[in-house]
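Descriptive structure summary
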Amino acid sequence: MQREAMPTADTDNFAHGTYGDDSGVVFYGPPVEGFWDDSLPVSDRFIHPLFCAALDRAQREDAAIPKVVADWNTLTGWADAYSAGTQELTDSDAAELIHLLARVTESDLMPHVAGVTTQECVRCAAAIAEFLRSRTESGAAVYIEDD
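Please read these numbers as outputs of a predicted model, since none were measured by experiment. Throughout, a residue's number is its position along its own chain's written sequence, starting from 1. pLDDT decides what is reported in this predicted model: residues at 70 or higher carry local features, side-chain atom pairs at 80 or more are listed and counted, and totals for whole chains, interfaces and linings draw on all residues regardless. To obtain the side-chain values, all non-hydrogen atoms of the structure were included, while hydrogens and water were left out.

**Here we look at the overall build of the chain**
Within the chain, the secondary structure is distributed over five helices and four strands. Sequence-ordered secondary structure for the chain, helices as α and strands as β, is β-β-α-α-β-α-α-α-β. Within the span of the chain, comprising 147 residues, buried residues form 41% of the whole. Contacts between residues were defined by any pair of non-hydrogen atoms, one from each residue, lying within 4.5 Å. Long-range contacts, defined as pairs at least 24 residues apart, comprise 71% of the intrachain contacts of the chain with a sequence gap of at least 6. Per-residue accessibility takes into account occlusion by the displayed protein chains alone, with areas from the Shrake-Rupley method and a 1.4 Å probe. Of the roughly 7900 Å² that the chain leaves accessible, carbon and sulfur atoms contribute 50%. Secondary structure is summarised from DSSP: a helix means a run of H or I of at least four residues, a strand means a run of E of at least two, and numbering begins at the N terminus for each. We call a residue buried when its accessible area falls under 20% of the maximum for its residue type, exposed when it is over 50%, and partly exposed in between, using a 1.4 Å probe and counting protein chains only.

See the structure below:
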């Protein structure tokens, strides 16, 4: 019997894998027959500038920090590498993250990029947002894991 999963985002490869680049975040769609085939791994080279830009924007606009970013910043919740594991994102947490990623600009990212370009980070933000949006709009659960 063939397992079927939602197609992954048609994007550049944002996963880690180069020397010294061994951590990041993995976004998952729902497991299919017990397998996590539907995933979007994202290196810290991209997540770090994206989430730092989000923190800067929230401070500048005196706005709330999306829960996913706040957990990353404080190493709690899904980002607590010692106890979290794969965690389901609530619809509102996914929506907050999608909204945030849609607003990130190259100028927001400029102070935070290292080893990648601001254009690559913007493409990564769009890929993450599309991955989350396509699954949540179809009613599928989405998950996150510190990698």
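The structure having been displayed, the exposition proceeds.
**Observations concerning the sheet that holds strand β3 (residues 87–89)**
Taking strand neighbours across the sheet as the criterion, the four strands line up as β2-β1-β4-β3 in an open arrangement whose pairing is antiparallel. Each edge of the sheet is formed by a strand with only one pairing partner; in this case those strands are β2 (39–43) and β3. On average, each strand axis in the sheet is inclined to that of its neighbour by 25 degrees, with strand direction left out of account. Bridge count for β3 against strand β4 (residues 142–146) is three bridges, and the pairing is antiparallel. Strand pairing is assigned whenever DSSP identifies at least 2 bridges connecting the two strands. Inter-axis angles, ranging from 0 to 180 degrees, are taken between N-to-C directions of lines fitted to C-alpha atoms, where helices are fitted over the stretch in contact.

**Some remarks on the pattern of salt bridges**
Counted as salt bridges are all cases of a side-chain nitrogen of Lys or Arg within 4 Å of a carboxyl oxygen of Asp or Glu. Under the counting rule described, the total for this entry stands at seven salt bridges. Notably, a salt bridge pairs aspartate 38 with arginine 135, separated by 2.8 Å at the nearest N-O pair. Taken as a pair, aspartate 38 in the loop between β1 (24–28) and β2 and arginine 135 in helix α5 (residues 118–137) lie far apart in primary sequence, 97 residues in all. Taking relative accessible area as the criterion, aspartate 38 reaches 2% and is therefore assigned buried. We classify arginine 135 as buried; its relative accessible area is 2%.

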